[in-house]
Amino acid sequence: MDTVFFYSSIYLSIIMAISLYRAVFGPTILDRLIGVNAIGSKTTALLVLIGLIYHRVDLFIDIALAYAMLNFIAVLAASRYFQKRKGLYDETPRD
Amino acid sequence: MNIVSTILLICGLLFFTGGAVGIIRMPDFYSRLHPAGKLDTMGILMTMTAVALYNLHDFSIGTVLSSLKIILIVAFLFITSPTATHAIVDAGVRAGLGPWTKEETKEENDLAT
Amino acid sequence: MVDREKQYSHQKQSQPESNQSSLKIPPTKKSRTPFLLTFFVAFATWIVLSGKFDLFHLTLGIISCLIVASFSGDLMLSDTRKKGLPYQWLLFIQYLPWLLYQVFLANIHVMYLVFHPKMMELIDPRIIRFKSRLNREMSHLIFANSITLTPGTITVFVSIYGDYAVHAIDEKCGQSLPGEMEKRVAKILGE
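These notes cover the structure that comes with them. Being a predicted model, the structure only gives us computed values, none of them experimental.

We now examine the packing of helix α1 (residues 2-25) of chain A against helix α2 (residues 29-53) of chain A. All names here are of chain A. Interaxial distance between α1 and α2 falls to 9 Å at its minimum, and their mutual angle equals 165°. By the angle between their directions, the pair α1 and α2 is classed as roughly antiparallel. The interaxial crossing formed by α1 with α2 has left-handed handedness. The class makeup of the residues in the contact of α1 with α2 is 16 nonpolar, 5 polar and 5 charged.

Right under this line is the structure:
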């Protein structure tokens, strides 16, 4: 069962790398925010899986919970902050 | 129990894959939010259910509490994920970004109004 | 501190019988249901998160949950009207399986869209506006979050008068909108 969790963690990391494309090359700031949000929610799952691999689930679940809260607050604050900035939609549109 | 949790885990990973591919493929930022915010929520639900079931393997107070915490994570994400999605959409609307539409439907809408 | 806590817990015991009378400490006119509800939710979270059942940790939990509930009791549910709240929570729990089923169906639909090779011809994003007949804040909250959770639709804008703007990813998702979900939400909160 440990190998299953191990390979799903690796697969999850690959998916996070795919999402990272949007976070780095996103045409607007909000696209980057979407990428960051997606990576954050995948990290929450990844933390619990890491806990299962190391047989310390009870420890890692608390970290995952705190990470989920931090991710939510970060996305909320960033979207509140960037909506006041001009030049949000002046970047080159992607088709 | 192992088989059930493995199947659930693979379903969850499939949903995560859908979310990641959707973020790459969708044409504009409003439609990117559809896979981003919500396929991820479904993936979290699936994988966390799998982990909680696997965790109940040897039954004791500690594992029950760990599984309850995992369910708590899922409930928390089910409340916060729509809120975060709505915050991003709201920022886009206030910045004046128009949604991407197909040309012909746009003309139809113009004719209709 | 312990005396104070005993008084509170005594009041908590006698609360269900006398609903709006005999409030000695503190003299407020408001109903005390939000306070108790916040207290119980916070205390359940405390028990799950701490995982220790000895007297010391439980006492610490009761004290801090009382403080938190007295500060922020009216934040969680500002809109309390008649209609016993526990009954509504029961109805809300009945609503959850249906919501999960809808979320699952719609997720399958979005997965099909995402992996389809000709995705650009299938999707047809649009913004739909409609007026809802719900008139309580709580039901607006539940309804808007449910709309956002069923993929294919995202709530863009809600006003307190019930004007909704919803971004739908294709026509099929948008058509079913005010329909059954609104009826169910209205049934929960007794409108």
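Across the contact, 39 residues belong to chain C and 38 residues belong to chain B. Taking both sides of the interface into account, the surface hidden between chain C and chain B amounts to around 3,200 Å²; carbon and sulfur atoms contribute 77%. In this structure, the connection of chain C to chain B is made through 0 salt bridges. The interface formed by chain C and chain B contains 1 residue pair in polar contact (both at pLDDT 80 or more). Those elements that provide at least two residues to the side of chain C that touches chain B are α2 (33-50), α4 (85-115), α5 (119-122), α6 (137-149), β2 (153-158) and β3 (163-168) of chain C. Counting residues per element, the side of chain C that touches chain B draws most heavily on α4(C), at 9 residues. Looking at the side of chain C that touches chain B, its residues break down into 26 nonpolar, 11 polar and 2 charged.

A word on the interface of chain A and chain B. Counting residues at the interface gives 42 residues for chain A, matched by 40 residues for chain B. Of the roughly 3,800 Å² buried at the junction of chain A and chain B (both faces included), carbon and sulfur atoms supply 77%. There are 4 salt bridges connecting chain A and chain B. Across the salt bridge formed by Asp62(A) and Lys69(B), the nearest N and O atoms sit 3.3 Å from each other. Elements with a minimum of two residues in the side of chain A that touches chain B: α1, α2 and α3 (57-82) of chain A. Of the residues in the side of chain A that touches chain B, the class split is 28 nonpolar, 7 polar and 7 charged.

Calculation notes
- Residues numbered from 1 in each chain as written.
- Chains lettered and ligands numbered in written order.
- Predicted model: local features only at pLDDT ≥ 70, side-chain atom pairs only at ≥ 80, totals over all residues.
- Heavy atoms only, no water.
- Axes fitted to C-alpha atoms, helices over the stretch in contact; angles between N-to-C directions.
- Helix = DSSP H or I, 4+ residues; strand = E, 2+ residues; numbered from the N terminus.
- Parallel < 35°, antiparallel > 145°, perpendicular 65-115°, else oblique.
- Left-handed = near helix turned anticlockwise from the far one by under 90°.
- Nonpolar A, V, L, I, M, F, W, Y, C, P; charged D, E, K, R; others polar.
- Contact = heavy atoms within 4.5 Å.
- Buried area = accessible area lost by both parts, 1.4 Å probe.
- Salt bridge = Lys/Arg side-chain N within 4 Å of Asp/Glu carboxyl O.
- Polar contact = N/O pair within 3.5 Å; in protein donor to acceptor, adjacent residues only side chain to side chain.

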